[in-house]
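# Analysis of the macromolecular model
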Amino acid sequence: MSAADDVVTLIRELAPSDLDVFTMQEFEVKKKLQGTMVEQRQTTTVPDIGTHTETVYLNVLTYGEGGGGLDAGRARARSFERSEQIYRALYAVYDRTINGNFYIRISPDSAPVEIPSQVGTYDFQFGLEAVRFVEGLTWQ
């Protein structure tokens, strides 16, 4: 499983909600209108052969709370609260096995910020850094 799948599993465990949590691949298939999406960033790092670890960077996007008029403020607040709830739940996760992968540390590397939406919803995103153990790393 990917790091994004593992973080989805972790969010479902640590920050349960009536809103779904899913990966970018699940979003592309199911076209979810609201929830929390976890995707791996395009940045890559070189695995550390000495410590058998690799660092993976992810984005956590909470979106879909919308509505205009008098309800706009409440919708924005709900979206921010959900993003903040997940951010706090993942603030410092250490020594955790998720879906068979051992993570030394998972923690946010940026705070939730509002990002522009194409469809009039209130969307918040923050970044995660995940350091996981990778068995069998050797020099080629």
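Bear in mind the structure is a predicted one, so any value in this text is a computation, not a measurement. (Residues numbered from 1 in each chain as written. Predicted model: local features only at pLDDT ≥ 70, side-chain atom pairs only at ≥ 80, totals over all residues. Heavy atoms only, no water.)

Our focus in this paragraph is the nonpolar core. Ranked by size, the top nonpolar core spans 22 residues in total, and within it Ile11, Val38, Leu58, Leu90, Ile106 and Leu128 carry the most contacts. If you list the elements that add at least two residues to this core, you get α1 (3-14), β3 (53-65), α3 (72-89), β4 (93-98), β5 (101-108) and β7 (122-133). The element contributing the most residues to this core is α1, with six residues. Contacts of Ile106, omitting those with residues within four sequence positions, involve Leu10, Leu90, Tyr91, Ala92, Val93, Ile98, Leu128, Glu129 and Ala130. (Core = buried A, V, L, I, M, F, W, Y, C linked by side-chain atoms within 4.5 Å. Buried < 20%, exposed > 50% of the residue type's maximum accessible area, 1.4 Å probe, protein only. Helix = DSSP H or I, 4+ residues; strand = E, 2+ residues; numbered from the N terminus. Contact = heavy atoms within 4.5 Å.)

Although it is not a glycine, His52 sits at a positive phi angle of roughly 55°. Checked against the element boundaries, His52 lands in the loop between β2 (35-40) and β3.

Here the focus is the pairing of β5. Of the pairings in the sheet, the one linking β4 to β5 comprises five bridges and is antiparallel in character. Note that in β5 the partner of Val93 across the bridge is Ile106. Once β4 ends, the chain turns through two residues before running back antiparallel as β5, passing Asn99 with a positive phi of about 50°. (Pairing = 2+ DSSP bridges.)

Side chains that are three or four residues apart share a direction in an α-helix, a result of its 3.6 residues per turn. Between the first and last C-alpha of α1 there are 16 Å, a value that for 12 residues agrees with the 16 Å anticipated at 1.5 Å per step. Turning to α1, its buried residues are Ala3, Ala4, Asp6, Val7, Val8, Leu10 and Ile11. (Expected span 1.5 Å × (residues − 1).)

Before going further, it helps to spend a moment on the environment of Asn59. Looking at where Asn59 falls in the secondary structure, it is placed in strand β3. What makes Asn59 buried here is its relative accessible area of 16%. Between the alpha carbons of Asn59 and Ser110 there is a distance of 9.5 Å; along the sequence they are 51 residues apart. Beyond its immediate stretch of four places on either side in the chain, Asn59 contacts Met37, Val38, Glu39, Arg41, Gln125, Phe126 and Gly127. For Asn59, the side chain forms a polar contact with the side chain of Arg41, separated by 3.0 Å. (Polar contact = N/O pair within 3.5 Å; in protein donor to acceptor, adjacent residues only side chain to side chain.)

All right, on to the pattern of salt bridges then. Two side chains bearing opposite charge may form a pair once their charged atoms approach each other closely. By the definition in use, this model includes six salt bridges. Salt-bridge contacts for Glu13 lead to Arg96; the nearest nitrogen and oxygen are separated by 2.3 Å. Residue Glu13 is found in helix α1, and its partner Arg96 is found in strand β4; the two are separated by 83 residues along the sequence. (Salt bridge = Lys/Arg side-chain N within 4 Å of Asp/Glu carboxyl O.)

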